[in-house]
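Results of the structural survey
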Amino acid sequence: MTAETDEVRARAFLWELQAQIAQARGGRTVAGERWEGFLVEAGKGAFGFSEEKVRQVVELGAAGQAHWPPRGPDEHPGGYMVIHMLADQLEASFDGSFPRPVLGMMATGEINALTLLAPGSQTHLVVFEDELLNFANLFSKAVALAMPYEDAEDGGIAFSVDIDRVRSHVRESPEAVRRFREVVLGYLLEGRPSAAPQYFPPEAVATMGGILRDGMELFVLGHEYGHVMAEHVADRQSPRRLLGTEEGEVTEVGWKWEQEVVADLLGWNLCLEAMYRNHGAALAHAGVELFFSACEVLDRAVPLLVTGTNAPRPQSPTHPPAELRRDLVRTHTQARLEENAAPLLELGAAIQEIVDILWEQTAPLILDLHRRGVVPDARWTANLQGPTDPSPGN
């Protein structure tokens, strides 16, 4: 079996799973024409570009670059475009090269990517939650809305992460809480962050939100590249339920927690390298911190809706808790940057506190929904009873 044939088989398996899910949803996954039309309208509204200019960008991205792998018939063109654009950014940030992993998107109920084993192939599939990009976009905008800002002396915009100012801003201008609730509840109850009403924030907020979103997304993909760069060998294989697939279960590849930590640290390095030139290290690190906070919000929200308590969500069989991952990344940041680490760590801690403030305003609403008998979307409960890993080092 050649490496090329192995990759082709893995990609064919990915496409088959995507086709099954699309059929279970009543048809193909958002036809390209519909998606392109929506994005053209959103682009005009958000950025003020002409329809012709936006359409050119959208069509170019949906068609794919020459070096990208082919897009599957039921693969969402938007997700395909963004994932491979992110991959291009990461690959441009490090020396050397290796084959791009087989990347795809499906409903997984995990903000972390999953690694699946394709039958008859030694090539792993790196599968992202199909609503991750929507969630990262709307979540980051809500957090940016919580930061007060003003014109800076250099002609730019200065955002404040002073927690007292943030609390005052959120009280006086509650849109951040409203938007935060909308995206969390849209994801939690319907499995679609895009169920939240569409809106276009002020340009400064959209810009800050976009930077934070980029950091989140680059870190998630960078983590998966970290496994490849470290030449990790799978620790175990276990069944994984994917909603909408005919077999119901696929084979998930699991890593040791030590391997996950190494992948986090390499992913952090790649994220900072990719973003440093345009945004600096502190904002890149803030995006990583925001990812961990997003994981914590969903880990709190699901059990609160299901049980009405603050009991933690069952431990993931594949990834350490977000709190532990954050602490280890912060330790790595300090060791790597030494006296230059302070701005990154201070901004990261502020991002965590801002999300906690927004969560404080959202948790009572979720508790009320529990009392009324509302249940989460099936993607969040499909694997709640799955295997756990009580011995992370084994």
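Below you will find a few notes about this structure. (Residues numbered from 1 in each chain as written. Predicted model: local features only at pLDDT ≥ 70, side-chain atom pairs only at ≥ 80, totals over all residues. Heavy atoms only, no water.)

A few points about the overall build of the chain
Tallying secondary structure elements over the chain gives 13 helices and 7 strands in all. Of all 394 residues assigned to the chain, the portion counted as buried reaches 51%. A separation of at least 24 residues holds for 73% of the contacts in the chain among residues at least 6 apart in sequence. Of the roughly 18200 Å² of accessible surface on the chain, a fraction of 51% belongs to carbon and sulfur atoms. (Helix = DSSP H or I, 4+ residues; strand = E, 2+ residues; numbered from the N terminus. Buried < 20%, exposed > 50% of the residue type's maximum accessible area, 1.4 Å probe, protein only. Contact = heavy atoms within 4.5 Å. Areas by Shrake-Rupley, 256 points an atom, 1.4 Å probe, with all protein chains shown as cover.)

What about the environment of His-84?
Locating His-84 in the fold gives a position in helix H4 (residues 77-91). Through-space distance from the C-alpha of His-84 to that of Leu-103 is 8.3 Å; in sequence the pair is 19 residues apart. Setting aside residues no more than four positions away along its own chain, His-84 makes contact with Trp-68, Pro-69, Arg-100 and Leu-103.

As for the packing of aromatic side chains
In this structure the tally under the stated criterion is 10 aromatic pairs. Taken together, a centroid distance of 6.4 Å and an interplanar angle of 55° make the contact between Phe-94 and Tyr-225 tilted. In this pair, Phe-94 is assigned in the loop between H4 and strand S1 (102-106) and Tyr-225 in helix H8 (residues 203-229), connecting sequence segments 131 residues apart. Residue classification places Phe-94 among the buried residues on the basis of a relative accessible area of 14%. Every member of this aromatic cluster is reached through a ring pair, and the members are Phe-135, Phe-139, Phe-180, Tyr-187 and Trp-380. One cation-aromatic arrangement involves Arg-71 over Tyr-80; the distance from NZ or CZ to the ring centre is 6.0 Å. Directly above the ring of Tyr-199 sits Arg-179, whose terminal nitrogen or CZ lies 3.8 Å from the centroid. (Phe/Tyr/Trp six-rings, centres within 6.5 Å; stacked < 30°, edge-to-face > 60°. Lys NZ or Arg CZ within 6 Å of the ring centre and 35° of its normal.)

Points about unusual backbone geometry
For Glu-338, which is not a glycine, the phi torsion comes out positive at approximately 50°. As for its placement among the helices and strands, Glu-338 is situated in the loop between helix H10 (322-337) and helix H11 (342-360).

Here's the deal with the packing of helix H6 (residues 163-172) against H11
It is the contact of H6 with H11, at a shortest axis distance of 11 Å, that shows an interaxial angle of 30°. Taken together, the axes of H6 and H11 lie roughly parallel to each other. For the pair H6 and H11, the crossing hand works out as right-handed. The segment H6 lies against H11, with Ile-163, Val-166 and Arg-167 engaging Ala-350, Glu-353, Ile-354, Ile-357 and Glu-360. Residue composition of the contact of H6 with H11, by class: 5 nonpolar, no polar and 3 charged. (Axes fitted to C-alpha atoms, helices over the stretch in contact; angles between N-to-C directions. Parallel < 35°, antiparallel > 145°, perpendicular 65-115°, else oblique. Left-handed = near helix turned anticlockwise from the far one by under 90°. Nonpolar A, V, L, I, M, F, W, Y, C, P; charged D, E, K, R; others polar.)

Things to note about the packing of helix H5 (residues 132-145) against H8
Relative orientation of the contacting elements H5 and H8 amounts to 135°, with a least axis distance of 8 Å. With respect to each other, H5 and H8 are oriented oblique. Considering only the axes of H5 and H8, their crossing is right-handed. Here Leu-132, Leu-133, Ala-136, Asn-137, Ser-140, Lys-141, Val-143, Ala-144 and Leu-145 of H5 come into contact with H8, specifically with Val-205, Met-208, Gly-209, Leu-212, Arg-213, Met-216, Glu-217 and Val-220. Classifying every residue of the contact of H5 with H8 by side-chain character gives 11 nonpolar, 3 polar and 3 charged.

Considering the pattern of salt bridges
Per the stated rule, a full pass over the model turns up 18 salt bridges. The partner of Glu-182 in a salt bridge is Arg-179, with the nearest N and O atoms 3.1 Å apart. You can see Glu-182 and its partner Arg-179 sitting in helix H7 (residues 175-190), 3 residues apart, about one turn around the helix. Here Arg-330 ties to Glu-289 by a salt bridge, and the two come within 2.8 Å at their closest N and O atoms. Of this pair, Arg-330 sits in helix H10 while Glu-289 sits in helix H9 (residues 257-307); the two residues are 41 residues apart in sequence, bridging distant segments of the chain. The exposure class assigned to Glu-289 is buried, which follows from its relative accessible area of 1%. (Salt bridge = Lys/Arg side-chain N within 4 Å of Asp/Glu carboxyl O.)

Things to note about the environment of Arg-300
Relative to the helices and strands, Arg-300 resides in helix H9. Taking relative accessible area as the criterion, Arg-300 reaches 29% and is therefore assigned partly exposed. For the pair Arg-300 and Asn-310, spaced 10 residues apart in the sequence, the C-alpha separation amounts to 6.6 Å. Arg-300 has contacts with Asp-356 and Trp-359, leaving out every residue within four places of it along the chain.

Quick notes on the pairing of strand S2 (residues 114-117)
Side-chain alternation along S2 places Leu-114 and Leu-116 on one buried face and Thr-115 and Leu-117 on a second face that is also buried. The pairing of S2 with strand S3 (residues 124-129) spans 4 bridges and is classified as antiparallel. Residue pairing for S3: Leu-114 is matched across the bridge by Val-127. Between the antiparallel neighbours S2 and S3 lie 6 residues, among them Gly-120 with a positive phi of about 70°. (Pairing = 2+ DSSP bridges.)

Quick notes on the nonpolar core
Core analysis: the largest hydrophobic core is formed by 83 residues, its most contacted members being Phe-128, Phe-139, Val-143 and Ile-366. Non-local contacts of Phe-128, meaning those with residues more than four positions away in its chain, are made with Ile-83, Leu-103, Gly-104, Met-105, Met-106, Thr-108, Ala-113, Val-220, Leu-221 and Glu-224. Counting residues in each nonpolar core, the second largest holds 12 residues, with Met-106, Leu-114, Leu-116 and Ala-118 among its members. (Core = buried A, V, L, I, M, F, W, Y, C linked by side-chain atoms within 4.5 Å.)

Observations concerning the environment of Asp-214
Summarising the element assignment, Asp-214 is placed in helix H8. The sequence separation of Asp-214 and Cys-271 amounts to 57 residues, and the corresponding C-alpha distance is 8.9 Å. Only 3.1 Å separates the side chain of Asp-214 from the side chain of Arg-213, close enough to count as a polar contact. (Polar contact = N/O pair within 3.5 Å; in protein donor to acceptor, adjacent residues only side chain to side chain.)

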